[in-house]
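# A look at the structure
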Amino acid sequence: MNLWIRSQDKKELRSNPKLGIENDYYIVDRYNIDRAIILGQYATEERALEVLDEIEERIMIINTISLAKDSVSLIAYKNALSEEKIKGIGYPYQMPKE
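## Some words on the sheet that holds strand E5 (residues 35–41)
Reading across the sheet, the three strands line up as E3-E4-E5 and stay open at both edges, with antiparallel pairing between neighbours. Either end of the sheet is taken by a strand with one partner, and the two such strands are strand E3 (19–22) and E5. Along the sheet, successive strands turn relative to each other by an average axial angle of 40°, direction set aside. Bridge count between E3 and strand E4 (residues 26–32): four bridges; the pairing is antiparallel. Bridge pairing in E4 links Gly20 to Val28.

Structure follows, in structure tokens:
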């Protein structure tokens, strides 16, 4: 399962981006060595890191569910995760406004 991320301005939809924080606390997709697509901008480095943490958690949940080898394992994983965390896994992660 791929992780899709939609930019703050909703003009970009990226699959499996290579994320990083750059100057002025932009979160960017470094898809090309010469160019980066800005996905979001935040007031502080701490907030930008919180957003990256949310994305990392989404990736971990997707990978955990993908590892389920059978329906019993999948049920166990789903029981261990809250509905809130499972909700929206199949949808693009929307970069928060702030």
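Back to the write-up after that little detour.
## A word on unusual backbone geometry
In this structure, Lys10 takes a positive phi of about 65° despite not being glycine. Mapped onto the elements of the fold, Lys10 is located in the loop between strand E1 (4–6) and strand E2 (13–15). If you check the backbone angles, Asn16 has positive phi at about 45° while not being a glycine. Along the chain, Asn16 turns up in the loop between E2 and E3. Note on Asn16: relative accessible area 41%, which makes it partly exposed.

## Describing the pattern of salt bridges
Pairing between side chains becomes possible if they bear opposite charge and their charged atoms approach one another. Overall, the coordinates contain five salt bridges when judged by the stated rule. Its salt-bridge partner being Glu12, residue Arg14 comes within 3.5 Å of it at the nearest N-O pair. By relative accessible area, which is 18% here, Arg14 ends up buried. Notably, a salt bridge pairs Arg30 with Glu22, separated by 3.4 Å at the nearest N-O pair.

The rules behind the values
Residues numbered from 1 in each chain as written. Predicted model: local features only at pLDDT ≥ 70, side-chain atom pairs only at ≥ 80, totals over all residues. Heavy atoms only, no water. Pairing = 2+ DSSP bridges. Helix = DSSP H or I, 4+ residues; strand = E, 2+ residues; numbered from the N terminus. Axes fitted to C-alpha atoms, helices over the stretch in contact; angles between N-to-C directions. Buried < 20%, exposed > 50% of the residue type's maximum accessible area, 1.4 Å probe, protein only. Salt bridge = Lys/Arg side-chain N within 4 Å of Asp/Glu carboxyl O.

Just geometry here; none of it tells us what the structure is for.
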